[in-house]
Each structure stands twice: as C-alpha cells, then as structure tokens.
Amino acid sequence: MLKQIPTHLIAGPLGAGKTSLIHQLLAQRPAHERWAVLINEFGQIGLDAALLARDEDGLSFSEVAGGCLCCVNGAPFQVGLGRLLRKAKPDRLFIEPSGLGHPLSLLEQLGQAPWEGVLAVQPLLMVLDAAALAAGEPLADTQRDALPRAGLLVLNKSEGLDEAARARLQAELPLAPYWTSQGRLPFERLPQAEAIAANPAGALPDGPPPPAMVWRNTDEPICLIQDQPEGWSIGWRWHPSQRFDLLAIQQWLATVPWRRAKLVLHTNAGWLSANALQGQALHWQNSEWRKDSRLELIFAGAQDEAVLRAGMAACRV
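Definitions and cut-offs
Residues numbered from 1 in each chain as written. Predicted model: local features only at pLDDT ≥ 70, side-chain atom pairs only at ≥ 80, totals over all residues. Heavy atoms only, no water. Phe/Tyr/Trp six-rings, centres within 6.5 Å; stacked < 30°, edge-to-face > 60°. Helix = DSSP H or I, 4+ residues; strand = E, 2+ residues; numbered from the N terminus. Buried < 20%, exposed > 50% of the residue type's maximum accessible area, 1.4 Å probe, protein only. Contact = heavy atoms within 4.5 Å. Pairing = 2+ DSSP bridges. Axes fitted to C-alpha atoms, helices over the stretch in contact; angles between N-to-C directions.

Caption draft 1: Examining the packing of aromatic side chains more closely. Per the counting criterion, the structure on display carries five aromatic pairs. Seen in terms of ring centroids, Trp236 and Trp252 are 6.1 Å apart; in terms of plane orientation they differ by 75 degrees. Their pairing is edge-to-face. Here Trp236, found in strand S10 (residues 231-238), pairs with Trp252, found in helix H8 (residues 246-253); they are 16 residues apart in sequence, far enough to count as distant. For the pair formed by Trp236 and Trp252, the shared burial category is buried. Ring geometry for Trp238 versus Phe244: centroids 5.4 Å apart, planes at 80 degrees, classification edge-to-face. Phe244 shares its class with Trp238; the two are buried.

Here it is, written out as structure tokens:
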C-alpha cells in the first residue's frame, strides 16, 4: 500500500522555469529511487512531459490537460494522479501545476481525502522569473497569494541582476529567495516538512483512461483548443512521419502574437524542442521525444483558428 509519498508542488507563473527546475532535479535522482511527475498544462495537447522525456528507468510521467489542476477535486485530476501512483509506485512525487492555475487551492486539497495518508505534502516551492519581476511585471493574484505559504522561493533567470536589483526584490518577498538561473537547484535545497505520523491510506481514485487521440491519416493533425477566462490556447499533434521546415516555423511564429509557445517537432534538422515567452527568441535543443510532433500556443484572448491552422500546416516540408 502506498503511504506518505514525499510530494513536492512546484508552482509559479508561466515561463518562470518550473519545467527546467524539475529537469535539473530529475538529473539528481538517486539510482535506487523511483520518481513520478504529474504535469498540468493550460492547453489540451500537453508538452511538458515531452520536454522532460528521457530514456531512463525509474522515472514516470503523466499529464492532466486543460487546467484541471486548478481544482484537485475534479475527476480528471483524481483519476490521473491515482493511475500514476498505482503504475509508478514512486518513492517521490513532483506536481507541476499550470502557471495560470491556483497553487494555494491545490496545496490545501492535496492534504485532504483521498490523498491524506497517501501523500506527504512538502512545503510549497515557488519558481519566479527574477528578470521579469525586476522589470516591473506583476504577478497574478493567484501566484502572489501563494508566496507567504512557500517553503522556498526560487528566483530563476537572475544572472543579469546586480546587487541593488536583488536587494529591491528581496525586500518585497516574504522570505529570502534562492537565486539561480536555468532552473538549477540542488536536491538538498528542496523544502522538507517535519516527519508526521502516517494516517491510514484510503483507496486511490480510479476510472477509465482518457480516450486515445488517433490520427485519421498521417497528413492531418489532432488540433485542440482551450478557452478559459485566463487565456486561449491552440495545440497540434502531428504524426511523427511529418517533418517541418525549421526556418518556416520560426518565421511563422514571429508573426503570431502568442503569449507562450512550447514545441517539440520533427524538423529538417532533426527532432528539436523549444519553449519561450512572448518577445523571446526560440532557443532550440535536441529532443529525445520521438512519438509525435507537438506545438502549443497560449494567447491572451481568442484568435482566428483557421488562420493559425493554415499557418502551421504551411510549415511542413
């Protein structure tokens, strides 16, 4: 029976570096431990598991799409986490909620039934974009309200800040931050809770897996749209046989007013991934993901779906 699994909630706004931080932590996993990662994304396609993908035993990933982690009482979250725990039987669990989600609500509900006794929820870890904060970009209320509950504040992307800027930011925060870049964090710096008595664990939520998304033919993508008050997203999954022109993708994305872009693509230069906020250049990296090509764009408001579909399709080789 699964009991008292150390569980780390890695929260923070869009683009702060949550996925990069988890990637750095996974590289520090002891060989004898099994770790699991549950990822929520605002969009419906799911990119972070692909960005984190690595051919390594002892690691398990699962996704809950569409902002469902905003409410852990929702069936998609409960079934998704229950299935991950039964499959992976992890020694440690990481949960990455959407940057548009509500970390305080999630933190509080993870300590309640049906997870009480199954999960040992550790103090909240918040990842913030130090450069954005120094430039005066405000945090969403849902993120700012969570700061006083954090066990550790990681100020990522801090390499360009001088001491005066760091002092100004630190004065605005409820606790001294850990300054870093590229999501680097030593495993021993993870906030840990004091040992607590184990409560009896109840049955894990169960349910059928979500229906598989399949291609009608290899030339047509699966395209899904998400429309919520926090934003609008569109995402594609293309068959792995389809290839994309790297320059065409870059030129097309430069004409689109996205707020966030994540992509793993089979390109004319190989399998590559990128992850950027609006105004940032795409920095491509080699990707171990080979199952399909994925691209997700988040916007502040609704867009012309037909124009975006045509633009993406035109980038194929």
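Caption draft 2: Molecular detail of the environment of Ala261. Along the chain, Ala261 turns up in strand S11 (residues 260-267). Overall, Ala261 belongs to the buried group, its relative accessible area being 0%. The spatial distance from the C-alpha of Ala261 to the C-alpha of Leu295 is 7.4 Å, given a sequence separation of 34 residues. With near-sequence residues (within four places) excluded, Ala261 lies in contact with Ala274, Asn275, Ala276, Glu296 and Leu297.

Caption draft 3: Up close: the sheet that holds S10. As summarised here, the arrangement of the six strands in space is S9-S10-S14-S11-S12-S13, forming an open sheet in which the pairing is antiparallel. Each edge of the open sheet is held by one strand with a lone partner, namely strand S9 (222-228) and strand S13 (285-286). In terms of strand pairing, S11 meets strand S12 (residues 270-277) through eight bridges, oriented antiparallel. Across the sheet, Leu265 pairs through a bridge with Leu272, a residue of S12. With respect to the sheet, H8 is in contact with S10, S11, S12 and strand S14 (293-299), its orientation differing from that of S11 by roughly 165 degrees. Lying over the sheet, helix H9 (residues 305-313) contacts S9, S10, S11 and S14, oriented at roughly 35 degrees with respect to S10.

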